[in-house]
Amino acid sequence: MTTYAFLGALEQGCAYGLMVLGVYLTFRVLDFPDLTVDGSLPMGAAVSAVAITNGVDPFVALFIAMGGGFIAGAVTGFLNTKLKILHLLASILTMIALYSINIRIMGRPNMTLLGQDTVLTPLLNLGLTPSVAAPVLFSGFCILVVILLIWFLHTEFGLAMLATGDNRQMITSQGVNTDFMIIFGVGLSNALVALSGALIAQNQGAADVNMGVGTIVAGLASVIIGETLVGCRTITRALIAAFIGSILYRLAIAFALSAKLGAFRVTPSDLNLITAILVVAALTAPKLKQRWAR
Amino acid sequence: MMLSLTEIVKYFHRGSVNEVLALNGASLEVKRGDFVSIIGSNGAGKSTLLNCVAGCFAPDSGSIVVKGTDVTSWPEYKRAAYLSRVFQDPLRGTCASGTIEQNLAMASRRGKRNTLAMGVKKREREEFREQLATLKLGLEDRLKDRAGLLSGGQRQALTMLMATMVRPDILLLDEHTAALDPKTSAQILELTDQIIHEQHLTAMMVTHNMQHALELGNRLVMMHQGQIILDVEGDEKKKLQVQDLMERFYAVRGETYSDDRALLV
Ligand SMILES: Nc1ncnc2c1ncn2[C@@H]1O[C@H](COP(=O)(O)OP(=O)(O)OP(=O)(O)O)[C@@H](O)[C@H]1O
Ligand SMILES: [Mg+2]
């Protein structure tokens, strides 16, 4: 792997790191498999791209993107809790709807940000090269969000959210409205995913309605890689693991793309298959281990 | 009156072939400080009655009034301000992935708004330790252990403590010792009796063990086919014997009582 590919993977790992933290929130904390992310990632990209081309400050554009993501997630939560639609199906419905909405937001399936100021501009003005500026800024975002989430999940409110995912009966009998917790939690998760999408769009200079395909699988793979290699004994550790898992996942992908087996080369279009197999393996490994242990 | 249940009717799967009439016009008035034991055969509607009080589902008709407030249409989480519960399954009352202190912290805020303050506060830890010490299970030294590591009996004792940390107006116990071995069951029952007496709680306890039903509580209620068919209290209850209950029970079932049956099933 070249240094260039390595830095590229690091940059991607950090940019997608926020998405992975979002997936961790739904998948692990709330026990809510949420496919909304495939739509809320491009939504974040689209919202921030449109905002920036309309003269909004790139940093402010990030907040608007998060707002959009929050609403998308909250809709999924609403469909599940209030309209009693199965969580997976509810999130697929929102995801599909977001495809149309994202094209409406941009007015077309994709748009470029070439020549526009982005969140990277201040760093580039300091003389940093793009391949350094992006990992630095994005890892800064991730570390900040990891710290905020560690704090949040240790508050009274955060504890109630953890309990909602663990034992809904118990926390309901303590007087917590779990419907609200789920709507808010899935919203928060998708706000992070949209933030991730906004950063990616600003970094690559374009937003595309199809850029979200496979987001959930990549997110799950990252979460699982992190848990396996870093551990998840405490919430603090699990959150750090999710972030590191995101970087390791992108490194693994970059490695796979650079590998050659005789005349066979992995192409970027193979990645979804590889990732899916990886997730299946990781999800079943603990069960197989148990069976062998007996 | 602490709790008034009036003509509660509850169907499950109404209108389908599986239709069950779980509560058929059950009425009950529970006074402040009453400790009511509830007995009855499987499927008599005991759990359904408690679930209706707790708000797991709304009754098809009838009303539930707690301390003068009609809560019939209140969701379960809102009623938590008035009542707390201990379930038959020890796994249901605690959050397995949370630590003992986190579970206690959540219970110490039952019915209150959750804020962004720290979930477990330093000054609370000392209180938690003291309260856990009263259980005499050594849990006071294990505040940071996950609740999932505890045995069924320990978890049930913890749940008992959690249910009464914030004094509930009504304590609901649904066969809360049935999943435990006889010795642990007796310990938890003693703890239950002790807490209810010390705090002068109003409680409703479902049990299949008639001895327990006779020993504990100032009042005994028997249910059958969704109705309350016996309700005795005070001195009359004190005089009651297992045999009386048996005879009474088999009479409504149209069977004769034979001595070797010790449980109501
Ligand atoms: N959630 C439910 N869905 C469908 N039917 C139910 C449900 N809960 C209870 N029932 C039915 O309602 C009737 C009363 O059940 P309930 O659980 O209240 O009995 P119980 O007196 O608690 O019995 P047990 O002693 O076995 O716990 C039963 O016929 C039961 O099958
Ligand atoms: Mg029952």
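From a predicted model like this one, the values you see are computed outputs, not experimental measurements.

Residue and element names in this part refer to chain B. Pairing is mixed in the open sheet, where six strands are placed in the order β6-β7-β8-β3-β9-β10. The open sheet has two edge strands with one neighbour each: β6 (83-86) and β10 (227-233). Neighbour-to-neighbour, the strand axes of the sheet open up by a mean angle of 20 degrees, direction not taken into account. Alignment of strand β3 (residues 35-40) against strand β9 (residues 219-224), held across five bridges, turns out to be parallel. Bridge pairing in β9 links I38 to V221. Those strands touched by helix α1 (residues 46-54) are β3, β6, β7 (170-174), β8 (202-206) and β9, and its axis lies near 150 degrees from that of β7.

Residue and element names in this part refer to chain B. Most of β3 is tucked away, with six of its six residues classed as buried. Burial along β3 is two-sided: F35, S37 and I39 facing one way and V36, I38 and G40 facing the other are all buried. Here β3 pairs with β8 via four bridges, running parallel. Counterpart to S37 in the pairing with β8 is M205.

A few words on the site of ligand 1. Residues and elements named next belong to chain B. Around ligand 1, the structure places 14 residues, and the nearest of them are N42, K46, S47, T48 and H208. Between ligand 1 and the protein, one listed contact pairs an oxygen atom with a backbone N or O atom of G43 at 2.8 Å. The contact in question runs from an oxygen atom of ligand 1 to an N or O atom on the side chain of K46, over 2.8 Å. Within the complex, 64% of the 630 Å² of free accessible area of ligand 1 lies under protein. When residues of the shell around ligand 1 are traced back to their parent elements, those giving at least two are β2 (20-30) and α1. Per-element accounting of the shell around ligand 1 gives the leading share, three residues, to α1. For the shell around ligand 1, a count of residues per class yields four nonpolar, eight polar and two charged.

Now for the sheet that holds strand β5 (residues 69-70) of chain B. Residues and elements named next belong to chain B. Within the open sheet, the four strands sit side by side as β2-β1-β4-β5. Their pairing is antiparallel. Two strands in the sheet have a free side with no partner beyond their single neighbour: β2 and β5. Strand direction decides the pairing type here: strand β1 (residues 3-12) and β2, joined by eight bridges, are antiparallel. Within β2, the position partnered with S4 by the bridge is E29. Sheet strands touched by α1: β1, β2 and β4 (61-66). Its angle to β1, the strand with the most contacts, is close to 115 degrees.

Residues and elements named next belong to chain B. Packing of helix α5 (residues 152-165) against helix α6 (residues 182-198) leaves a shortest axis separation of 10 Å and a crossing angle of 10 degrees. By the angle between their axes, α5 is roughly parallel relative to α6. Between α5 and α6, the residues in contact are G153, Q156, A157, M160 and T164 and T184, I188, L191, T192 and I195, respectively.

The subject of this paragraph is helix α2 (residues 17-29) of chain A. Each α-helix turn comprises 3.6 residues. Residues three or four places apart therefore point the same way. Residues and elements named next belong to chain A. The terminal C-alpha atoms of α2 lie 17 Å apart, and with 13 residues this matches the ideal 18 Å at 1.5 Å per residue to within 8%. A large share of α2 lies buried, amounting to twelve of its 13 residues. Note on α2: the residue one or two positions beyond its end, D31, has a positive phi of about 55 degrees.

The next point concerns the confidence of the model for chain B. When pLDDT is averaged along chain B, the result is 92; 95% of the residues meet or exceed 70. As a predicted assembly, this complex carries a pTM of 0.93 together with an ipTM value of 0.90.

Once that is clear, we can look at the pattern of salt bridges. The tally for this structure, following the rule as stated, stands at 15 salt bridges over all chains. Between A:R28 and A:E227 there is a salt bridge, and its shortest N-O distance comes to 2.7 Å. Of this pair, A:R28 sits in helix α2 while A:E227 sits in helix α11 (residues 215-230), and the two are 199 residues apart along the sequence. For A:E227, a relative accessible area of 16% corresponds to the buried category. One continuous salt-bridge network, built from bridges that share partners, spans B:K31, B:D34, B:R219, B:D231 and B:E233.

All names here are of chain B. What the rule picks out here adds up to zero disulfides over all chains. Here C52 stays free of any disulfide, with the sulfur of C56 as its closest cysteine sulfur at 8.5 Å. Here C52 falls in the buried class, since its relative accessible area comes to 1%. Owing to a relative accessible area of 32%, C56 belongs among the partly exposed residues under this scheme.

Turning to the side chain of B:K121, a few remarks are in order. Inspection of the secondary structure puts B:K121 in the loop between α3 (100-107) and α4 (122-133). Side-chain polar atoms of B:K121 contact the side chain of A:E156, separated by 2.8 Å. Of the polar contacts made by the side chain of B:K121, one reaches the backbone oxygen of B:M118; its length is 2.9 Å. Ignoring any residue separated from it by four or fewer positions in sequence, one finds B:K121 in contact with A:E156 and B:R109.

About the thresholds
- Residues numbered from 1 in each chain as written.
- Chains lettered and ligands numbered in written order.
- Predicted model: local features only at pLDDT ≥ 70, side-chain atom pairs only at ≥ 80, totals over all residues.
- Heavy atoms only, no water.
- Pairing = 2+ DSSP bridges.
- Helix = DSSP H or I, 4+ residues; strand = E, 2+ residues; numbered from the N terminus.
- Axes fitted to C-alpha atoms, helices over the stretch in contact; angles between N-to-C directions.
- Contact = heavy atoms within 4.5 Å.
- Buried < 20%, exposed > 50% of the residue type's maximum accessible area, 1.4 Å probe, protein only.
- Near = heavy atom within 4 Å.
- Polar contact = N/O pair within 3.5 Å; in protein donor to acceptor, adjacent residues only side chain to side chain.
- Areas by Shrake-Rupley, 256 points an atom, 1.4 Å probe, with all protein chains shown as cover.
- Nonpolar A, V, L, I, M, F, W, Y, C, P; charged D, E, K, R; others polar.
- Parallel < 35°, antiparallel > 145°, perpendicular 65-115°, else oblique.
- Expected span 1.5 Å × (residues − 1).
- pLDDT = per-residue confidence, 0-100.
- Salt bridge = Lys/Arg side-chain N within 4 Å of Asp/Glu carboxyl O.
- Disulfide = S-S within 2.5 Å.

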